[in-house]
Amino acid sequence: LPLGSPAWRSNACAALCAAACNSVLFLYTERVTRSVPASLLSSGMWAFTPLVWLYSIQAEVFALNNLLAASLLYLTVLYELHKSTIVAMLGAFVIGLGLCNQHTIVFFVVP
């Protein structure tokens with residue numbers, strides 16, 4: 001994006017990652033519970049948690065890490081439903097991205 005300063009662009013990227021994470025969490029919760037109100041409530045509670053909000057408005061690795069972890073949750077549910085090789089390969093790709101972004105995702109991936 002050619003708008004604003006580099007700091008503004010970095011913060012905007014973190015905010016977009018956090019919004020995408022919230023959307024993926026909504027999709028995941030809706031798949032698991034089959035309830036749109038419960039999904040809205042859970043994703044809304046996640047989005048307005050103080051630490052999530054704090055790391056969503058500043059340029060840190062946590063917003064992207066949350067997006068990748070939420071994507072792994074969603075891909076796990078999709079794989080359980082469809083047993084697709086494409087979903088498995090996409091999950092492996094997301095794991096690789098997550099390990100390159102922040103090493104703490106290994107605690108999410110290994111078990």
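What you are looking at is a predicted structure, and each value in this text was computed from that prediction instead of being measured.

### Things to note about the overall build of the protein chain
Within the protein chain, the regular secondary structure consists of 6 helices and 0 strands. Secondary structure elements in the protein chain, listed N-terminal to C-terminal, are α-α-α-α-α-α. For the protein chain, the spread of C-alpha atoms along the three principal axes comes to 45 × 35 × 25 Å. Out of the 111 residues belonging to the protein chain, those deemed buried represent 28%. With an accessible surface of roughly 7,100 Å², the protein chain has 73% of that area assigned to carbon and sulfur atoms.

### Considering the pattern of salt bridges
Applying the stated criterion to the full structure yields 1 salt bridge. With a shortest N-O distance of 3.7 Å, E80 and K83 are connected by a salt bridge.

### Side note on the confidence of the model for the protein chain
For the protein chain, per-residue confidence averages 91 on the pLDDT scale, and residues scoring 70 or more make up 98% of the total. Ranking the elements of the protein chain by mean pLDDT puts helix α6 (residues 106-109) last with 82 and helix α2 (residues 36-47) first with 95.

### Some thoughts on unusual backbone geometry
One non-glycine residue, R34, lies in positive phi territory at about 60 degrees. With respect to the helices and strands, R34 occurs in the loop between α1 (6-33) and α2.

### Looking at the environment of A7
Secondary-structure assignment places A7 in helix α1. Given the relative accessible area of 48%, A7 is considered partly exposed. Once the C-alpha coordinates of A7 and V110 are considered, the two residues, 103 residues apart in sequence, prove to be 34 Å apart.

### Considerations on the packing of aromatic side chains
Enumeration over the complete set of coordinates arrives at 2 aromatic pairs. A ring pair is formed by F48 and W53, whose centres lie 5.5 Å apart and whose planes are at 25 degrees; its orientation type is stacked. On the numbers, 4.4 Å between centres and 45 degrees between planes, the contact of Y55 with F62 is tilted. Among the residues examined, F62 registers a relative accessible area of 26% and is labelled partly exposed.

### A few points about the packing of α1 against helix α4 (residues 62-82)
With their axes 8 Å apart at the nearest point, α1 and α4 run at an angle of 25 degrees to one another. Relative to α4, the element α1 is oriented roughly parallel. In this structure, α1 meets α4 at a crossing whose hand is left-handed. Residue-level contacts link A14, C17, A18, A20, C21, V24, L25, L27, Y28, R31 and V32 of α1 to A63, L64, N66, L67, A70, S71, L73, Y74, V77, L78, L81 and H82 of α4. Residues that form the contact of α1 with α4 fall into these classes: 19 nonpolar, 3 polar and 1 charged.

The rules we used
- Residues numbered from 1 in each chain as written.
- Predicted model: local features only at pLDDT ≥ 70, side-chain atom pairs only at ≥ 80, totals over all residues.
- Heavy atoms only, no water.
- Helix = DSSP H or I, 4+ residues; strand = E, 2+ residues; numbered from the N terminus.
- Buried < 20%, exposed > 50% of the residue type's maximum accessible area, 1.4 Å probe, protein only.
- Areas by Shrake-Rupley, 256 points an atom, 1.4 Å probe, with all protein chains shown as cover.
- Salt bridge = Lys/Arg side-chain N within 4 Å of Asp/Glu carboxyl O.
- pLDDT = per-residue confidence, 0-100.
- Phe/Tyr/Trp six-rings, centres within 6.5 Å; stacked < 30°, edge-to-face > 60°.
- Axes fitted to C-alpha atoms, helices over the stretch in contact; angles between N-to-C directions.
- Parallel < 35°, antiparallel > 145°, perpendicular 65-115°, else oblique.
- Left-handed = near helix turned anticlockwise from the far one by under 90°.
- Contact = heavy atoms within 4.5 Å.
- Nonpolar A, V, L, I, M, F, W, Y, C, P; charged D, E, K, R; others polar.

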